[in-house]
Number of protein chains: 2
Amino acid sequence: MDIEDGSAKLIDVARLANCSPATVSRVLNGNPNVNEIVRDRVVRAARELGYVPNGSARALRSTRTRLVGAIIPTLDHAIYATMVDALQARLSEKDVSLIINTSGYDIDLEYEQARLLVERGVESVVLVGSTHLPATLAMLEQKRIDYVYTYTSKAMESGAAVGFDNEKAGRTAARYLLDLGHAQFGMIAGITQDNDRAAGRRDGFLNELERSGIDRATVPVVEGAYRLDDGRRCMERLMEEGTRPTAVFCGSDILAAGAIKCCHAAGIAVPRQVSIVGFDNLEIAELTSPELTTLEVPARDMGRIAADYVLASPSQRLHLRQRELAIRLIVRESTAPVRR
Amino acid sequence: MDIEDGSAKLIDVARLANCSPATVSRVLNGNPNVNEIVRDRVVRAARELGYVPNGSARALRSTRTRLVGAIIPTLDHAIYATMVDALQARLSEKDVSLIINTSGYDIDLEYEQARLLVERGVESVVLVGSTHLPATLAMLEQKRIDYVYTYTSKAMESGAAVGFDNEKAGRTAARYLLDLGHAQFGMIAGITQDNDRAAGRRDGFLNELERSGIDRATVPVVEGAYRLDDGRRCMERLMEEGTRPTAVFCGSDILAAGAIKCCHAAGIAVPRQVSIVGFDNLEIAELTSPELTTLEVPARDMGRIAADYVLASPSQRLHLRQRELAIRLIVRESTAPVRR
DNA sequence: TTGTATGCGTTATCAA
DNA sequence: TTGATAACGCATACAA
């Protein structure tokens, strides 16, 4: 293997293989109409030169970048990191690269990140949730860039969605706690501002309670960022209520873990005095004491299926535009029937 | 704003602004030698057309892609996801995009991912650890692509490193436990095959014990993947030893959390019967009962500093080639002096 | 089955 | 300060 000063180009491979650039290009792109012997010479020459195609030139000429973008709130939360892990793994099986950007739950920043992705020529964009600036979607549509919502199952006019129904998930939590006999509820939600998923779970929870005759105005809802100490603080506030809730639904396992810590510190028994339901089914759900009852979010599945969507041909995509995944209730130790 | 069928190109902006493409290019690239009035016309025209530059063409012509690659073992472990989060945040401040690939701790797969990154034209690559195929590094060097090791402070002949000394970290854990009076040790290490960091921590731990007169052959070391259940299983094996260890160092907080779960199940009191030290200081270290004594890995700092390195000019980089960050011991509740 | 010629959209070089 | 022109590396249409 020669040590090249710069880098071998396609034409250098052609020269060494004693054929034309077009033939090299054909071999590189798997075009079957190439003589076996010539193909072999080309492959050998490319290897000898350590030839690596120039993706920019390729993209410019073919208008196919084999680049996909993803904009997620943060990688610092396992629920997103795991989705991205699965997404990337699937894409790279097909030699598609993933550019990943974080928005910090800020839809204005998300717009800026989207612009950068458009400039990079991504062929599709994976987004989280369905709350986005109209300008963001308009830009993607103008550039004919497909996008997929994740963590939600609401597909809009354009775009696709692979995820779950947050409202339904909230209702599931409420129904489970109602069935345990609880009558005093509280909720620790994520920040619902510009966050349709957090808002959906809250609304579903309150809707289901209301269907059972509980006035939603009597259910205290506090919001916190997805951090342990916010969960703790929120639980403290809930426990200051005149009539303490006996059942608390948390919008995330992190918040729930914080809530449990609060109870430990305050000497409140879980689940004897208060039942706590989390959301996500992160690894930490097995680490709290008591272990956490929670709703399982299929993060890995979403990543894989979103990848399959963007890898699909435009005609196949029509059938894949909306995919609702099931949310499972995982019952562990943090919930119990209400005490009489 | 017009609704474009395809997408406006630089020449369209030039036409609308009534100037040459060259001038538009100058404005877009912040070249100061442009008349104020013309500049304004160009900016206005670009906005009106919803113009977004074609990154591929730009890259092809200028040989600057503003793309950085990262290859990490997995995003499914907070210690890496957090580093990448910080890395990406810093890069995007400078309009540099990050392509992220996972290798699953497989250095052959890492090579394939590196090849893909080279093809995409990344200007730098962020790697984890210092164990890589020679072919991987050779390829990067041949293509004049800078690379940075993270999670290690060992810089090689070429390349840079921002991280910490794993061997020293292992010794720190040993020293702490020795000072608590322990004499029977065990270790639950990560898989050390092709993993210099896991091996380094193990070696440091054993080295320090040996310096205190403990024969390393008498210290049981079991290896597990970074998963809760592996931690549990490894701890079970350690507890089957003839003379049970009174102090166990785990190569990761995940393993340590699993070990604590094992102790709960087996009725072994932590830290009264066995002290456990973790590694990473993940959020979960505060969720175990007892809370975990551990060594803090500066994941966020590594990401930020690695970003600063790849963003630096070649001349600046010389001063930044090696950066060792401190590892702090965080004492919580899972360790105690040995019982007499 | 192979080769020749052209152009993708941009920036760099040069001249004006 | 501005414009004309060429070239980046490759894939494709077309010719042979």
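Residue positions within a chain follow its written sequence, with the count starting from 1. Following the order in which they are written, the chains are lettered starting with A and the ligands numbered starting with 1. Where totals are concerned, whole chains, interfaces and linings use all residues; where local detail is concerned, this predicted model gives features only for residues with pLDDT of at least 70, and gives and counts side-chain atom pairs only at 80 or more. As a convention, hydrogens and water are excluded, and side-chain values are obtained from all of the structure's heavy atoms.

Here we look at the overall build of chain A
Formally: Helix and strand labels come from DSSP, where a helix needs a run of H or I of at least four residues and a strand needs a run of E of at least two; each type is numbered from the N terminus. When we talk radius of gyration, it's over C-alpha atoms, and the globule rule is simply 2.2 Å times the number of residues to the 0.38. For the exposure calls, accessible area comes from a 1.4 Å probe over protein chains only, and a residue counts as buried if that area is under 20% of its type's maximum, exposed if over 50%, partly exposed in between. A contact between two residues is defined here by any heavy atoms of the two lying within 4.5 Å. Reported accessibility uses the Shrake-Rupley method at a 1.4 Å probe radius. Residues are deemed covered only where the shown protein chains occlude them. We count Lys and Arg on the positive side and Asp and Glu on the negative side, and we leave His and both chain ends out. By convention, charge coordinates are those of NZ in Lys, CZ in Arg, CG in Asp, or CD in Glu.
A count of helices and strands for chain A gives 13 helices and 12 strands. Against the compact-globule benchmark of 20 Å for 340 residues, chain A has a radius of gyration of 26 Å, which places it well outside the compact range. Per-residue burial for chain A yields a buried fraction of 57% across its 340 residues. Relative to all contacts within chain A whose residues are 6 or more apart in sequence, the contacts with residues 24 or more apart total 70%. For chain A, the exposed surface amounts to about 14,500 Å²; the carbon and sulfur share of it is 48%. The averaged location of the 45 negative side-chain charges in chain A is 4 Å from the averaged location of its 42 positive side-chain charges.

Regarding the sheet that holds strand 7 (residues 221-223) of chain A
Residue and element names in this part refer to chain A. Counted only if it meets this: Two strands are counted as paired when DSSP detects at least two bridges linking them. All axes here are fitted lines through C-alpha atoms, helices being fitted over the stretch that makes contact, and every angle between N-to-C directions spans 0 to 180 degrees.
The strand order across the open sheet formed by four strands is 7-6-8-9, and the pairing between neighbours is parallel. Only two strands of the sheet have a single partner each, and these edge strands are strand 7 and strand 9 (275-277). Averaged over all neighbouring strand pairs, the angle between strand axes comes to 15°, with direction disregarded. Both strand 8 (residues 247-250) and strand 9 contribute to a ladder of three bridges, which runs parallel. Bridge pairing in strand 9 places Phe249 opposite Val277. Each of strand 6 (185-189), strand 8 and strand 9 is contacted by helix 11 (residues 253-266), which is oriented at about 160° to strand 9, the strand it contacts most.

Focus on the protein's contact with DNA strand C
Where we set the bar: Here a residue is near a molecule or strand as soon as one of its heavy atoms is found within 4 Å of it. Between N or O atoms, a polar contact is any pair within 3.5 Å; within protein, one atom must be a potential hydrogen donor and the other a potential acceptor, and residues adjacent in sequence are included only when both atoms are from side chains. Polarity classes work like this: nonpolar for Ala, Val, Leu, Ile, Met, Phe, Trp, Tyr, Cys and Pro, charged for Asp, Glu, Lys and Arg, and polar for all others, with Gly in that last group.
Close to DNA strand C lie 23 residues, the nearest being A:Arg26, A:Arg61, B:Leu10, B:Tyr51 and B:Arg61. Atoms of DNA strand C within 4 Å of the protein: sugar and phosphate make up 60%, bases the balance. A distance of 2.7 Å is found between a phosphate oxygen of DNA strand C and a side-chain nitrogen or oxygen belonging to B:Ser25. A distance of 2.6 Å separates a base oxygen of DNA strand C from a polar side-chain atom of B:Arg61. At the level of secondary structure, the elements contributing two or more residues to the surface near DNA strand C comprise helix 2 (21-28) and helix 4 (55-62) of chain A together with helix 2 (21-28) and helix 4 (55-62) of chain B. Here the surface near DNA strand C gets four residues from one element, more than from any other, and that element is helix 4 of chain B. Broken down by class, the residue content of the surface near DNA strand C amounts to 10 nonpolar, eight polar and five charged.

Side note on the relation of the copies chain A and chain B
Rules: Least-squares superposition of the copies uses the C-alpha atoms of those residues scoring a pLDDT of at least 70 in each of them.
Each copy of the sequence occupies a distinct position, and chain A is placed on chain B by a rotation of 180° and an axial shift of 0.0 Å, giving an RMSD of 0.1 Å. Here the copies are linked by what is in effect a two-fold axis. A share of 100% of interface residues in chain A that are also interface residues in chain B marks the association as one of identical surfaces.

Here's the deal with the environment of B:Tyr105
Residue and element names in this part refer to chain B. Its location among the elements puts Tyr105 in the loop between strand 2 (97-102) and helix 6 (107-120). Along the primary structure Tyr105 and Asn195 are separated by 90 residues, whereas in three dimensions their C-alpha atoms are 7.6 Å apart. Leaving out residues up to four positions away in the same chain, Tyr105 has contacts with Pro73, Thr74, His77, Tyr80, Asn195, Arg197 and Tyr226.

A closer look at the packing of helix 10 (residues 228-239) of chain B against helix 11 (residues 253-266) of chain B
Residues and elements named next belong to chain B. Selection rule: Each angle is binned into one of four classes, with values under 35 degrees roughly parallel, values over 145 roughly antiparallel, values of 65 to 115 roughly perpendicular, and all other values oblique. Each crossing gets its handedness from the near helix: less than a right angle anticlockwise from the far helix is left-handed, clockwise is right-handed.
It is the contact of helix 10 with helix 11, at a shortest axis distance of 6 Å, that shows an interaxial angle of 55°. Overall, the two elements helix 10 and helix 11 adopt an arrangement that is oblique. Where helix 10 crosses over helix 11, the handedness of that crossing is right-handed. Taking contact as the criterion, the partners of Leu228, Asp230, Gly231, Arg232, Met235 and Glu236 in helix 10 are, on helix 11, Ile254, Leu255, Ala257, Gly258, Ala259, Lys261, Cys262 and Cys263. Its residues placed into classes, the contact of helix 10 with helix 11 shows eight nonpolar, two polar and four charged.

A short note on the nonpolar core
Put simply, the rule reads: Only buried residues count toward a nonpolar core, which is a set of Ala, Val, Leu, Ile, Met, Phe, Trp, Tyr and Cys residues joined through side-chain atoms within 4.5 Å.
By size, the foremost hydrophobic cluster in this structure holds 112 residues, and its most contacted members are A:Tyr151, A:Phe205, B:Tyr151 and B:Phe205. Leave out the neighbours within four places in its chain, and A:Phe205 touches A:Gly170, A:Arg171, A:Ala173, A:Ala174, A:Leu177, A:Phe185, A:Gly186, A:Met187 and A:Phe249.

Observations concerning the protein's contact with DNA strand D
Close to DNA strand D lie 23 residues, the nearest being A:Leu10, A:Tyr51, A:Arg58, A:Arg61 and B:Arg26. A distance of 2.5 Å separates a phosphate oxygen of DNA strand D from a polar backbone atom of A:Leu10. Side-chain polar atom of B:Arg61 to a base nitrogen of DNA strand D: 2.8 Å apart, as the coordinates give it. Elements with a minimum of two residues in the surface near DNA strand D: helix 2 and helix 4 of chain A together with helix 2 and helix 4 of chain B. When grouped by side-chain class, the residues that make up the surface near DNA strand D number 10 nonpolar, seven polar and six charged.

Here we look at the pairing of strand 6 (residues 185-190) of chain B
Looking down a regular strand, the side chains alternate between one sheet face and the other. Residue and element names in this part refer to chain B. Defined as follows: Note on handedness: a clockwise path from strand one over the helix to strand two, with the strands aimed away from the viewer, defines a right-handed crossover.
Among the six residues of strand 6, six are classified as buried, and the element is accordingly described as predominantly covered. Across the two faces of strand 6 the burial is the same, with Phe185, Met187 and Ala189 and Gly186, Ile188 and Gly190 all buried. Where strand 6 meets strand 8 (residues 247-250), four bridges bridge the pair, whose relative direction is parallel. From the neighbouring strand, Ile188 faces strand 8, where its bridge partner is Cys250. The pairing of strand 6 with strand 7 (residues 221-224) spans four bridges and is classified as parallel. Residue pairing in the sheet places Gly190 in a bridge with Gly224 of strand 7. The β-α-β motif built from strand 6, the intervening helix 9 (residues 196-211) and the parallel element strand 7 has right-handed crossover chirality.

A word on unusual backbone geometry
Each neighbour pair has its own omega, and for A:Ser289 with A:Pro290 the value is 0°, a cis peptide bond. With respect to the element layout, A:Pro290 can be found in the loop between strand 9 and strand 10 (294-296). Positive phi, normally seen in glycine, also occurs at A:Arg66, with a value near 55°. Within the secondary structure, A:Arg66 sits in the loop between helix 4 and strand 1 (67-72). Residue classification places A:Arg66 among the partly exposed residues on the basis of a relative accessible area of 32%. Unlike most non-glycine residues, B:Asp280 shows phi in positive territory, near 130°. Counting through the fold element by element, B:Asp280 comes out in the loop between strand 9 (275-277) and strand 10 (294-296).

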